Amino acid sequence: MITRILIAGIVTGIVCFFPSALIYGILSDNVQSNTTQYEGLFRNPPNILGIIAAGISWGIVTAYILSLKQKTSMLTDFITGSIVFTFILIGIELGELATKNLITVGIAISGIGTNIIVGGLRGLVAGIVLRRMTKDRGANTRVSEQS
């Protein structure tokens, strides 16, 4: 089970890297223009390996949550990912707004809205990989039982 979760998480992190980067890249100018600026705040260029590692970590979280469900479908995986990551971001963004003068309410809402899509995508990919691995494992089990 742990291997399935790790593999699904790694695949999810890698597959979701490009669509996530595209979505956040489109919003990058908006985020930077609505964020308190100081020298060295934004890395230019960003650390791509760090972003990929973070994506893999979120992929593992997604795969773990989906592995706890009895029955899944592509739609329920997307919805689960959307709900989980929306509420994670609500917690993060509200904490940032409450403790730092770094972002605006508009940026917080934008980040939360973006995670409806990105979280859903993570849930979709992780669910597909987990179901695929379950089917493969089931086929291998049946073959070994016949021997």
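In what follows, the structure referred to is the one given above.
Structural notes, computed from the coordinates.

Calculation notes
- Residues numbered from 1 in each chain as written.
- Predicted model: local features only at pLDDT ≥ 70, side-chain atom pairs only at ≥ 80, totals over all residues.
- Heavy atoms only, no water.
- Salt bridge = Lys/Arg side-chain N within 4 Å of Asp/Glu carboxyl O.
- Helix = DSSP H or I, 4+ residues; strand = E, 2+ residues; numbered from the N terminus.
- Buried < 20%, exposed > 50% of the residue type's maximum accessible area, 1.4 Å probe, protein only.
- Phe/Tyr/Trp six-rings, centres within 6.5 Å; stacked < 30°, edge-to-face > 60°.
- Lys NZ or Arg CZ within 6 Å of the ring centre and 35° of its normal.
- Core = buried A, V, L, I, M, F, W, Y, C linked by side-chain atoms within 4.5 Å.
- Contact = heavy atoms within 4.5 Å.

### Some points on the pattern of salt bridges
Here comes step 1: For the coordinates displayed, the defined rule picks out 2 salt bridges.
Here comes step 2: With a closest N to O distance of 2.4 Å, Arg131 and Asp77 form a salt bridge. Residue Arg131 is found in helix H4 (residues 105–146), and its partner Asp77 is found in helix H3 (residues 74–99); the two are separated by 54 residues along the sequence.
Here comes step 3: Assessed through its relative accessible area of 0%, Asp77 is described here as buried.
Here comes step 4: The salt bridge partner of Glu96 is Lys100, with a shortest N-O separation of 2.9 Å.
Here comes step 5: Overall, the relative accessible area of 40% leaves Lys100 in the partly exposed class.

### Here we look at the packing of aromatic side chains
Here comes step 1: Under the criterion given, the structure shown has 2 aromatic pairs.
Here comes step 2: A ring pair is formed by Phe17 and Phe18, whose centres lie 4.9 Å apart and whose planes are at 80°; its orientation type is edge-to-face.
Here comes step 3: We classify Phe18 as exposed; its relative accessible area is 59%.
Here comes step 4: We note Arg122 situated over the ring of Phe85; from NZ or CZ to the ring centre the distance is 4.9 Å.

### Description of the nonpolar core
Here comes step 1: Membership of the largest hydrophobic core is limited to 10 residues, which are Ile5, Ala8, Cys16, Ala63, Leu66, Val125, Ala126, Val129, Leu130 and Met133.
Here comes step 2: At the level of elements, helix H1 (2–33), helix H2 (48–67) and H4 are the ones that each hand at least two residues to this core.
Here comes step 3: Residue contributions to this core peak at 5 residues, all from H4.
Here comes step 4: With residues near it in sequence (within four places) discarded, Val129 still touches Ala8 and Val11.

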